[in-house]
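Spelled out from the first residue to the last, the chains are:
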Amino acid sequence: MWGLPVIPLLINFCGALLGFVATLTLIPAFKDHFIAAKLFGIDLNKTSKQPIPESQGVISGAVFLIILFCFIPVPFLSCFVEEECKAFPHHEFVEFIGSLLAICCMIFLGFADDVLNLRWRHKLLLPTMASLPLLMVYFTNFGNTTIVVPKPFRMLLGMHLDLGILYYVYMGMLAVFCTNAINILAGINGLEAGQSLVIAASIITFNVVELNGDYRDDHIFSLYFMIPFFFTTLGLLYHNWYPSSVFVGDTFCYFAGMTFAVVGILGHFSKTMLLFFIPQVLNFLYSLPQLFHIIPCPRHRLPRLNHGTGKLEMSYSKFRTKSLSALGKYILKVSETLNIVDVRQEMDEDEEYTECNNMTLINFVIKLIGPAPEQTLTVLLLLIQVRQKHPQGGGGGPTPQWMWIHTKILRLWEHLIPPLYLSSLLLFYHTN
């Protein structure tokens, strides 16, 4: 651990603590301002219909940016204070500024989405545009687009393959995935901020463990961003926890996703970071039939409140059976056989209708455990997220079992998820 920038890390930690206090204080102070500006919503899972301020992620995001704006000169203090500075690390400075620019753009575009209620095609374009500064920094500082070819294809393609511009397409997709993955696993109090907090804690743990490795500087760079993000999100979660007094909005989902994309790409651990997104990946895969509009997808897929019991139950999508395509009928039949989707048929006005539960991880957990109080459901989903943390072996390295799981999951990501996700993006763009 010798040679670590202890003073910059301590300053960063102290700034993060101040950010926690500032977020805790500013959110209730600005509640009335958001309501007066008509930036509020109604919690559909509560009997009370009082207005709740939305888009509070803009406050935690602004505090985060202020902390890091003030922190900009700190990692380079040696070149300002000491008499001898061999060479100013311009590439590190560009990384830092480019990362802040990408996050700042994403906060601005996320707030625009909350205010203007943009369509899905615009929601997909926003993180793509905001990731451009990040991709330019990668191009100018690194430019490495060579990957290790998976074993089944090495006879054909060789050990390594230079993807060229396709590698930048992959990184752009990663930024889009991170922002939207948090956004579609949402709908109950504390879930968006809670899952982001767990992911941030997992990344911080991973960074600290890897400080003794060969890529120490990359993990220090990640810590500079993750520590303030963790504490500002903790302050937001305090107000967003059940019963929520504020909503985080799309602003926070975009802000959190872009922050994770920044540290994953410029910290050179994008594949490892995706291991912390396993619940989001599973939610995405489970949601594919509705995301592709093979099965009708309502605007809101959050669970519904049973006013009699006070518990949340699965929400359903109802549609005419004859309007379903042959592929949709086949998917529903297979899903019903595997007992992962609840399907019902009924007659209404001499016409057959089909109902199936909305395909989200939240509804799937309810299907497994039955109706549950909202706070219990949030805790269970966060425990699922916690289980994705990187376990360590006795010697400080991963256990053999973890390495096997690590390999299998990365192979799943490399071979299955990117083409599916790219296809869903294109379909969303043309159908919304």
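Every chain begins its residue count from 1, and numbering advances along the sequence as written. Reporting of local features is limited, given that this is a predicted model, to residues whose pLDDT is at least 70; pairs of side-chain atoms are given and counted only at 80 or more, and all residues count toward the totals for whole chains, interfaces and linings. Side-chain metrics in this entry use all non-hydrogen atoms of the structure; hydrogen atoms and water are not considered.

**Q** Summarise the overall build of the chain; cite the residues concerned and give the values.
**A** Tallying secondary structure elements over the chain gives 19 helices and 9 strands in all. Across the 432 residues that make up the chain, the buried fraction comes to 51%. Contact between two residues is taken to exist if any of their heavy atoms lie within 4.5 Å; hydrogens are not considered. Sequence-distant contacts, at least 24 apart, represent 75% of the contacts inside the chain between residues at least 6 apart. For the area figures, the Shrake-Rupley method with a 1.4 Å probe applies, and any residue is considered shielded solely by the protein chains shown. Counting every atom, the chain has about 20,700 Å² of accessible surface; 65% of that belongs to carbon and sulfur. Helical segments are the DSSP runs of H or I of at least four residues, strand segments are the runs of E of at least two, and each set is numbered from the N terminus. We call a residue buried when its accessible area falls under 20% of the maximum for its residue type, exposed when it is over 50%, and partly exposed in between, using a 1.4 Å probe and counting protein chains only.

**Q** With reference to specific residues and values, describe the pattern of salt bridges.
**A** Any carboxyl oxygen of Asp or Glu that lies within 4 Å of a side-chain nitrogen of Lys or Arg is treated as forming a salt bridge with it. Counting across every chain of the model gives 8 salt bridges. Through salt bridges with shared partners, a single ionic network connects Asp 43, Lys 46 and Glu 374.

**Q** Lay out the nonpolar core in plain terms, naming residues and giving numbers.
**A** Where a protein is soluble and globular, its nonpolar side chains tend to be buried together. To qualify as a nonpolar core, a set must consist of buried Ala, Val, Leu, Ile, Met, Phe, Trp, Tyr and Cys residues joined through side-chain atoms within 4.5 Å. By size, the foremost hydrophobic cluster in this structure holds 80 residues, and its most contacted members are Ile 103, Phe 225, Phe 229, Met 258, Phe 260 and Phe 277. Those residues in contact with Phe 260 that lie beyond four places of it in its chain are Ile 182, Ser 196, Ile 199, Ala 200, Ile 203, Met 226, Phe 229, Met 273 and Phe 277. Listed in part, the 14 residues of the second largest apolar core include Ile 188, Leu 312, Met 314 and Leu 361.

**Q** Outline unusual backbone geometry, listing residues and values.
**A** The phi angle of most residues is negative, glycine excepted, and most peptide bonds adopt the trans form. Of note, the bond from Tyr 242 into Pro 243 is cis; its omega dihedral lies within 30 degrees of zero at -10°. Mapped onto the elements of the fold, Pro 243 is located in the loop between helix 11 (216-240) and helix 12 (249-266). Phi is positive for Lys 38, which is not a glycine, with a value near 65°. Relative to the helices and strands, Lys 38 is located in the loop between helix 2 (31-36) and strand 1 (40-41). Given a relative accessible area of 68%, Lys 38 falls into the exposed group. Unlike most non-glycine residues, Ser 55 shows phi in positive territory, near 60°. Here Ser 55 lies in the loop between strand 2 (52-53) and helix 3 (57-71).

**Q** For the sheet that holds strand 8 (residues 343-348), give the residues involved together with the corresponding values.
**A** Adjacent strands of a sheet pair through backbone hydrogen bonds, lying either parallel or antiparallel. Within the open sheet, the 3 strands sit side by side as 7-9-8. Their pairing is antiparallel. Looking at strand neighbours, the two that pair on one side only are strand 7 (316-320) and strand 8, the edges of this open sheet. Across the sheet, the axes of successive neighbouring strands diverge by a mean angle of 25°, strand direction being ignored. Paired strands, in this sense, are two strands between which DSSP finds at least two bridges. Pairing of strand 7 with strand 9 (residues 351-357) involves 5 bridges; the strand directions are antiparallel. Bridging from a neighbouring strand, Arg 320 pairs with Tyr 353 of strand 9. Each axis is a line fitted through C-alpha atoms, taken for helices only over the stretch in contact, and angles between the N-to-C directions span 0 to 180 degrees.

**Q** Could you give an account of the packing of helix 11 against helix 12, with specific residues and numbers?
**A** Contact pair helix 11 / helix 12: the axes reach a minimum separation of 9 Å and the direction vectors enclose 165°. The orientation of helix 11 relative to helix 12 falls into the category roughly antiparallel. Every pair of crossing elements has a handedness; the one defined by helix 11 and helix 12 is left-handed. Contacts between helix 11 and helix 12 involve Asp 218, Phe 221, Ser 222, Phe 225, Met 226, Phe 229, Thr 233 and Leu 236 on the former and, on the latter, Phe 252, Phe 255, Ala 256, Thr 259, Phe 260, Val 262, Val 263 and Leu 266. Taken together, the residues of the contact of helix 11 with helix 12 break down into 12 nonpolar, 3 polar and 1 charged. Our angle categories are set so that under 35 degrees counts as roughly parallel, over 145 as roughly antiparallel, 65 to 115 as roughly perpendicular, and the remainder as oblique. By definition, any crossing whose near helix is turned counterclockwise from its far helix by less than a right angle is left-handed, and any crossing with a clockwise turn is right-handed. Residue type decides the class: Asp, Glu, Lys and Arg count as charged, Ala, Val, Leu, Ile, Met, Phe, Trp, Tyr, Cys and Pro as nonpolar, and the leftover types, Gly among them, as polar.

**Q** Explain helix 14 (residues 278-291) to me, using residue names and the numbers behind them.
**A** Working rule for helices: expected span equals 1.5 Å times residues minus one. Taking 1.5 Å per residue as the helical rise, helix 14 with its 14 residues ought to reach 20 Å, and the 18 Å between its terminal C-alpha atoms agrees with that figure. Burial runs high along helix 14: 12 of the 14 residues are buried. Those residues of helix 14 lying buried are Ile 278, Pro 279, Gln 280, Val 281, Asn 283, Phe 284, Tyr 286, Ser 287, Leu 288, Pro 289, Gln 290 and Leu 291. Remark: His 293 follows helix 14 within two positions and exhibits a positive phi of approximately 60°.

**Q** Before we move on, could you go through helix 16 (residues 361-369) and cite the residues and values that matter?
**A** Structurally, the α-helix is built with 3.6 residues per turn, so residues lying three or four positions apart point the same way. Of the positions making up helix 16, those classed as buried are Leu 361, Ile 362, Asn 363, Val 365 and Ile 366. If you follow the buried residues of helix 16, they end up packed against helix 10 (191-209), helix 14, strand 6 (311-313), strand 9 and helix 17 (374-386). Downstream of helix 16 by a residue or two, Gly 370 has a phi angle that is positive, lying close to 90°.

**Q** Got a sec to walk through the confidence of the model for the chain? Specific residues and values, please.
**A** Any residue range with low pLDDT should be treated as having predicted coordinates unsuitable for detailed reading. Each residue gets a pLDDT score, which is the predictor's confidence in that residue and runs from 0 to 100. Chain-level pLDDT for the chain is 84 on average; 86% of the residues reach the 70-or-more range. The spread of mean pLDDT over the elements of the chain runs between helix 18 (residues 400-415), the lowest at 45, and helix 3, the highest at 97. Confidence drops under a pLDDT of 50 for residues 390-425, and excluding neighbours within four residues, the segment shows 50 contacts in the predicted structure. Under a pLDDT of 50 for its full length, residues 427-432 has, in the predicted model, 13 contacts with residues more than four places off or in other chains.

**Q** I'd like to hear about the side chain of His 239, residue by residue, with values.
**A** Summarising the element assignment, His 239 is placed in helix 11. Those residues in contact with His 239 that lie beyond four places of it in its chain are Thr 23, Leu 24, Ile 27, Pro 28, Ser 244, Ser 245 and Val 246.

**Q** Let's hear about the pairing of strand 8: which residues, and what values?
**A** As judged from the 6 bridges shared by strand 8 and strand 9, these two strands associate in the antiparallel manner. Bridge pairing in strand 9 places Glu 346 opposite Tyr 353. With antiparallel pairing between neighbouring strands as the criterion, strand 8 and strand 9 make up a hairpin whose turn holds 2 residues, including Glu 349 at a positive phi of roughly 55°.

**Q** Residues and numbers for a nonpolar patch on the surface, please.
**A** There is a patch of nonpolar side chains on the surface, built from Ile 7, Ile 11, Leu 77 and Phe 80 and spanning about 380 Å² of accessible area. Where the nonpolar patch is concerned, the elements lending two or more residues are helix 1 (6-29) and helix 4 (77-81). Note on placement: Ile 7 falls in helix 1. By relative accessible area, which is 56% here, Ile 7 ends up exposed. For patch building, the residue pool is restricted to those with more than 30% relative accessible area and no salt bridge; the joining distance is 9 Å between like charges and 5 Å between nonpolar side chains (Val, Leu, Ile, Met, Phe, Trp, Tyr).

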